[in-house]
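Summary of structural features
Read off the chains here:
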Amino acid sequence: DAKTTQPNSMESNEEEPVHLPCNHSTISGTDYIHWYRQLPSQGPEYVIHGLTSNVNNRMASLAIAEDRKSSTLILHRATLRDAAVYYCILRDRPLGNFGNEKLTFGTGTRLTIIP
Amino acid sequence: GAGVSQSPSNKVTEKGKDVELRCDPISGHTALYWYRQSLGQGLEFLIYFQGNSAPDKSGLPSDRFSAERTGGSVSTLTIQRTQQEDSAVYLCASSQAQNQPQHFGDGTRLSIL
C-alpha cells in the first residue's frame, strides 16, 4: 500500500472544529482513503473513507484534494471523547472477490482535546 | 452486544506456556483478521481468514503461532511456548464484504512473565 504522512500530534480546544491532515503523494488511482481512530485501551474504530469526492457521515467529514495527494479529516465540534490516535490509511480497490484487505497502520496523529 | 468480542481481555502467563486467544466476529462477517499491537507501536497484520480458509498467513511471526476458524465464525489464535517478545495486545477485526469497514474488538492484552 502507498505511504501516508501525518503529524505526530495535534491539540484542539473542546467544542471547536479540528482539521487532521494526511499527505499521500504516491496515491494510485484505485486507492481509497480510509480513516480509523483508536481511543485509549480500545481497538481501532472506523471513521470514514472516500475515493475522490468529499464525504460526510455522522462522525466526521473527509475533504479530498483535487489531485488526491492529500486529504483532511474534519471533526466539526470536538469533544473530550474525540481524544484518540487518528490513522489515515490507503486501501487499494479490491481486485476480485475475497481479497485480503489487511490494513497497514502507521503511527497516526495523537489528538489531544483541551477542555 | 453486536460488536466483535474477544476473550480473555487480559492474560498473564509464564514464559514457555501455551495460550489461546478467542475472537467472536460480528454475525455474517465472512472476513476475519488478526493483528498485534506492541506497546507504543502501530498495528501489525498477522493472518486473514475468508470463511474458514486462511489465504494469507504471511504476518505470523513464527511457527509457534497458529490460528483456525470454524463454522465461518469463531477464530482462535494459539501461541505455543510463549516468549517475552510475544507480549502485546492482540486485536481481531471482521468485515462484511469487499471495501467495507473493519470492525475491531478491544483486544486481548497478553503479558508474558
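Preceding this section is the structure that the text describes.
Residues numbered from 1 in each chain as written. Chains lettered and ligands numbered in written order. Predicted model: local features only at pLDDT ≥ 70, side-chain atom pairs only at ≥ 80, totals over all residues. Heavy atoms only, no water.

1. Thoughts on the interface of chain A and chain B
Definition in use: In this analysis, two residues are considered to be in contact whenever any of their non-hydrogen atoms come within 4.5 Å of each other. Buried area is understood as the total, over both parts, of accessible area removed when two parts are fitted together, assessed with a 1.4 Å probe. Each reported salt bridge corresponds to a side-chain nitrogen of Lys or Arg within 4 Å of a carboxyl oxygen of Asp or Glu. Residues adjacent in sequence count toward polar contacts only when both atoms are side-chain atoms; beyond that, a polar contact is any pair of N or O atoms within 3.5 Å, and within protein one must be able to donate a hydrogen and the other to accept it. Secondary structure is summarised from DSSP: a helix means a run of H or I of at least four residues, a strand means a run of E of at least two, and numbering begins at the N terminus for each. Each residue gets one of three labels, nonpolar for Ala, Val, Leu, Ile, Met, Phe, Trp, Tyr, Cys and Pro, charged for Asp, Glu, Lys and Arg, and polar for the others, Gly among them.
The interface is formed by 21 residues belonging to chain A together with 20 residues belonging to chain B. Together chain A and chain B conceal approximately 1800 Å² of surface at their shared face, both sides included; 48% is due to carbon and sulfur atoms. Between chain A and chain B we count zero salt bridges in total. Where chain A meets chain B, there are six residue pairs in polar contact (both at pLDDT 80 or more). Looking at the side of chain A that touches chain B, the elements that each hand over two or more residues are β3 (31-38) and β4 (45-50) of chain A. Looking at the side of chain A that touches chain B residue by residue, the class counts come to nine nonpolar, 10 polar and two charged.

2. Comments concerning the state of the cysteines
Residues and elements named next belong to chain B. Defined as follows: In plain terms, two cysteine sulfur atoms within 2.5 Å form what is called a disulfide here. Burial classes follow relative accessibility: with a 1.4 Å probe on protein chains only, a residue under 20% of its type's maximum area counts as buried, one over 50% as exposed, and anything between as partly exposed.
Applying the stated criterion to the full structure yields two disulfides over all chains. The partner cysteine of C23 in its disulfide is C92, sulfur to sulfur 1.9 Å. Across the S-S bond of C23 and C92 the torsion is about -65 degrees, and the bridge reads as left-handed. Residue C23 is located in strand β3 (residues 19-24), and its partner C92 is located in strand β9 (residues 88-95); the two are separated by 69 residues in the primary sequence. Of the two residues, C23 and C92, neither departs from the other in class, the shared state being buried.

3. A few points about the sheet that holds strand β1 (residues 5-7) of chain B
Remark on secondary structure: sheet strands pair via backbone hydrogen bonds, oriented parallel or antiparallel. All names here are of chain B. Cut-off, in case you're wondering: Only strands joined by at least two bridges in the DSSP assignment are considered to pair. To obtain each axis, a line is fitted to C-alpha atoms, and for helices this fit is confined to the stretch in contact; angles are then taken between N-to-C directions over 0 to 180 degrees.
With antiparallel pairing, the four strands of this open sheet are ordered in space as β1-β3-β8-β7. At either margin of the open sheet sits one strand with a lone partner, and together these are β1 and β7 (65-69). Each strand axis lies, on average, 15 degrees off the axis of its neighbour in the sheet, ignoring direction.

4. Considerations on the sheet that holds strand β2 (residues 18-23) of chain A
Ordered in space as β2-β7-β6-β5 (chain A), the four strands form an open sheet in which the pairing is antiparallel. In this open sheet, the two strands that pair with only one neighbour each are β2 and β5 (55-56) of chain A.

5. Things to note about the packing of aromatic side chains
Where we set the bar: When two rings of Phe, Tyr or Trp (its six-membered ring) have centres within 6.5 Å they constitute a pair, described as stacked for plane angles under 30 degrees, edge-to-face for angles over 60, and tilted for the intermediate range.
Evaluation of the coordinates by the stated rule reveals 10 aromatic pairs over all chains. Considering the side-chain rings of Y35(B) and F45(B), the 6.2 Å spacing of their centres and the 75 degrees angle between planes classify their relative orientation as edge-to-face. Residue Y35(B) is located in strand β4 (residues 31-37), and its partner F45(B) is located in strand β5 (residues 43-50); the two are separated by 10 residues in the primary sequence. The same class applies to Y35(B) and to F45(B), which are both buried. Ring-pair connections join several aromatic residues into one group, and the members of that group are Y36(A), Y46(A), Y87(A), F105(A), Y33(B), Y35(B), F45(B), Y48(B) and F104(B).

6. Observations concerning the pattern of salt bridges
Residue and element names in this part refer to chain A. One pass over the structure, following the stated rule, counts six salt bridges over all chains. A salt bridge links E15 to R77; the shortest N-O distance between them is 3.5 Å. Taken together, the residues E15 in the loop between β1 (9-13) and β2 and R77 in the loop between β7 (70-75) and β8 (84-92) connect sequence positions 62 residues apart. A salt bridge links R37 to D82; the nearest nitrogen and oxygen atoms lie 2.8 Å apart. Of this pair, R37 sits in strand β3 while D82 sits in the loop between β7 and β8, and the two are 45 residues apart along the sequence. D82 matches R37 in its accessibility class, with the two residues each being buried. Through salt bridges with shared partners, a single network forms among R37, E45 and D82.

7. Describing the side chain of R37(A)
Judged by relative accessible area, R37(A) falls into the buried class, the value being 9%. Not counting chain neighbours up to four residues away, the residues in contact with R37(A) comprise G43(A), P44(A), E45(A), V47(A), M59(A), R81(A), D82(A), A84(A), V85(A) and Y86(A).

8. Here we look at the side chain of S12(A)
Relative to the elements of secondary structure, S12(A) occurs in strand β1. Sequence-distant contacts of S12(A), defined by excluding residues within four places in its chain, comprise P17(A), V18(A), L111(A), T112(A), I113(A) and I114(A).

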